[in-house]
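# Survey of secondary and tertiary structure
What follows is the residue order along each chain.
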Amino acid sequence: MEGSQPMFRLASVLYSLIATAFAGSAVIAVLSAGFVTTVAIISAALVGVC
């Protein structure tokens, strides 16, 4: 499985960048909607990462 190593690294880098962007967008959307509780913010971040 030597050939799959670069693709796994690429997928890992892309996932880290894309998940961060989605989590940040979800948190901004929740804050813009007026939900300023800790539970709402953390929930939005977790949903954005998954």
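Scroll up for the structure.
Residues numbered from 1 in each chain as written. Predicted model: local features only at pLDDT ≥ 70, side-chain atom pairs only at ≥ 80, totals over all residues. Heavy atoms only, no water.

## Regarding the overall build of the chain
- In terms of helices and strands, the chain carries two helices and zero strands.
- Counting only C-alpha atoms and orienting by the principal axes, one finds that the chain spans roughly 50 × 15 × 10 Å.
- The proportion of buried residues among the 50 residues of the chain is 16%. (Helix = DSSP H or I, 4+ residues; strand = E, 2+ residues; numbered from the N terminus. Buried < 20%, exposed > 50% of the residue type's maximum accessible area, 1.4 Å probe, protein only.)

## Some details on a nonpolar patch on the surface
- A cluster of nonpolar residues, Met 7, Leu 10, Val 13, Leu 14, Leu 17, Ile 18 and Phe 22, forms a patch on the protein surface that exposes about 700 Å² of accessible area.
- Within the secondary structure layout, Phe 22 lies in helix α1 (residues 5–32). (Patch = residues over 30% accessible without salt bridge, like charges linked within 9 Å, V, L, I, M, F, W, Y side chains within 5 Å. Areas by Shrake-Rupley, 256 points an atom, 1.4 Å probe, with all protein chains shown as cover. Salt bridge = Lys/Arg side-chain N within 4 Å of Asp/Glu carboxyl O.)

## Comments concerning helix α2 (residues 38–49)
- Taking 1.5 Å per residue, twelve residues should reach 16 Å; α2 reaches 17 Å between its end C-alpha atoms and fits that length.
- Within the sequence span of α2, burial applies to Ala 40, Ala 44 and Gly 48. In an axial view of α2, the angular spread of the buried residues amounts to 65°, which keeps them on one side of the axis. The exposed set on the far side of α2, more than 90 degrees from its buried face, consists of Thr 38, Val 39 and Leu 46.
- For α2, the elements touching its buried residues are α1. (Expected span 1.5 Å × (residues − 1). Arc of directions from axis to C-beta. Contact = heavy atoms within 4.5 Å.)

## Things to note about α1
- Between its first and last C-alpha, α1 extends 41 Å over 28 residues, near the 40 Å set by a 1.5 Å rise per residue.
- Where α1 is concerned, the buried positions are Ala 19, Ala 23, Ala 26, Val 27 and Val 30.
- Elements in contact with the buried residues of α1: α2.
- Within two residues after α1, Gly 34 carries a phi angle of roughly 100°, on the positive side.

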